[in-house]
Amino acid sequence: MQKGSVSIYFVKSALAPVLARGIDVAPLLAEAGISPAVLQAPLGRVTPQSFSALWLSVAKVLDDELFGQDARRMKVGSFAMLSHILTDCATLHDALSRMVKFFNLILDNFHCGLDIKGRQALLTIQETPDAPQPRVFGHETLLMLQHGLACWLIGRRIPVLAATFAYPEPTRSAEYQFMYSSQLRFNEAVTSLCFDRSHLNLPVIQNERTVKEFVRNAPANIVLKYKNVNSLAAQIRRQLRSAPNFEWPEFEAVAKSLGKTPSTLRRRLEQEGQSFQTIKDQLRRDVAIDYLCHTTRSIADIAAELGFGEASAFHRAFKRWAGASPGEYRLLAHKG
């Protein structure tokens, strides 16, 4: 099973409109299996399943699948309806054209678009002049929904070549490199995800049968985007996960095992928006969080299993990943 995690920022952002309405969020957190104390870790993370449960609970409380980011509610059931109507399209181009029209019909403050420039295609989001600027979480949520839908429709992950944002660079911008692309620009006129236009010609492979499972598993499958089990990144994760005691092979050995030269593998990973170091860091981070939250194993044992020669190196790395030391994070996870 491929692990993943979600930044605590998204938990706080989803809860913000609930708190603004004076609603007690403790039951929502409890139902999602999220300890309130974890919110105190600036770079804390939760499982996709926990965030998915929280997403659904908040959307239900607000009757708004965009969490109060637009003057008009995106009522519960809107995303499911959109998913259903897109399966009738022949190509991704047809589906994305229909998708942006759908969002523009139901939202007042955000205008979505599909632009084609040369060999590139862009999904764009722009706030209307009368909108309170900027509603950053609205941009992020729409990007998450739109890119996730696009990938699912054609049955493969669409690599993001570059991303722009119509707001200043946030302090958590390092997270954006994992979410979108290493090529980021801020303070731009529009928020956009850029990808190769050749994807637009690919056929929509989903139907009324597959959409039911997709909607049933949403939004967890959207939060982590589409997981192409045959992608090189996925193959490398499986290879690393199966290595005994996290004795991971060097990049050259991984490339050889996949029948590729190191330069070819590096280029192909870049096309998928990944790197070997990123894959290793994300895997270590998520496994470490899982062990700290769900086992009683000592921190020294966890550090050793993750391949750290010294516990101090693990402490430094984990604090960089989660904003707290392993011991502090474990206390936060089990507090209250």
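To be clear, the structure that these remarks concern was listed above.
Since the model is a prediction, treat every value here as computed from it, not as a measurement.

Backbone-to-backbone hydrogen bonds join strands into a sheet, with any given pair of strands oriented parallel or antiparallel. Strand order in the open sheet formed by 5 strands is S3-S4-S7-S5-S6, and the pairing between neighbours is mixed. The open sheet terminates on both sides in strands that have one partner only, identified here as strand S3 (110-117) and strand S6 (184-185). Where strand S5 (residues 162-164) and strand S7 (residues 191-196) come together, 3 bridges link them in antiparallel fashion. From the neighbouring strand, Ala 163 faces S7, where its bridge partner is Leu 193. Its contacts with the sheet place helix H5 (residues 92-106) against S3, strand S4 (120-127) and S7, and it is angled at close to 155 degrees to S3. Its contacts with the sheet place helix H6 (residues 136-154) against S3, S4 and S7, and it is angled at close to 145 degrees to S4.

Here helix H4 (residues 78-86) crosses H5 at 150 degrees, and the two axes come no closer than 10 Å. The orientation of H4 with respect to H5, classified from their angle, is roughly antiparallel. The handedness of the crossing between H4 and H5 comes out as right-handed. Residues Ser 78, Leu 82, Ile 85 and Leu 86 of H4 form the contact with H5, whose participating residues are Ala 95, Arg 98, Met 99, Phe 102, Phe 103 and Ile 106.

Below, the discussion takes up the environment of Gln 69. Examined against the element boundaries, Gln 69 turns out to sit in the loop between helix H3 (48-62) and H4. The exposure class of Gln 69 is buried, given its relative accessible area of 12%. Each C-alpha atom of the pair Gln 69 and Gly 138 lies 5.2 Å from the other, and the pair is 69 residues apart in sequence. When near neighbours in sequence (up to four residues on either side) are disregarded, Gln 69 contacts Asp 64, Phe 110, Arg 135, Phe 137 and Gly 138. Polar side-chain contacts of Gln 69 include one of 3.1 Å to the backbone nitrogen of Gly 138.

Oppositely charged side chains can form a pair if their charged atoms are brought close together. Enumeration over the complete set of coordinates arrives at 5 salt bridges. Note that Asp 108 is salt-bridged to Arg 72, the shortest N-O span being 3.1 Å. Taken together, the residues Asp 108 in the loop between H5 and S3 and Arg 72 in the loop between H3 and H4 connect sequence positions 36 residues apart. As a salt-bridge pair, Arg 185 and Glu 188 come within 3.5 Å of each other at their nearest N and O atoms.

Cut-offs used in this document
Residues numbered from 1 in each chain as written. Predicted model: local features only at pLDDT ≥ 70, side-chain atom pairs only at ≥ 80, totals over all residues. Heavy atoms only, no water. Pairing = 2+ DSSP bridges. Helix = DSSP H or I, 4+ residues; strand = E, 2+ residues; numbered from the N terminus. Contact = heavy atoms within 4.5 Å. Axes fitted to C-alpha atoms, helices over the stretch in contact; angles between N-to-C directions. Parallel < 35°, antiparallel > 145°, perpendicular 65-115°, else oblique. Left-handed = near helix turned anticlockwise from the far one by under 90°. Buried < 20%, exposed > 50% of the residue type's maximum accessible area, 1.4 Å probe, protein only. Polar contact = N/O pair within 3.5 Å; in protein donor to acceptor, adjacent residues only side chain to side chain. Salt bridge = Lys/Arg side-chain N within 4 Å of Asp/Glu carboxyl O.

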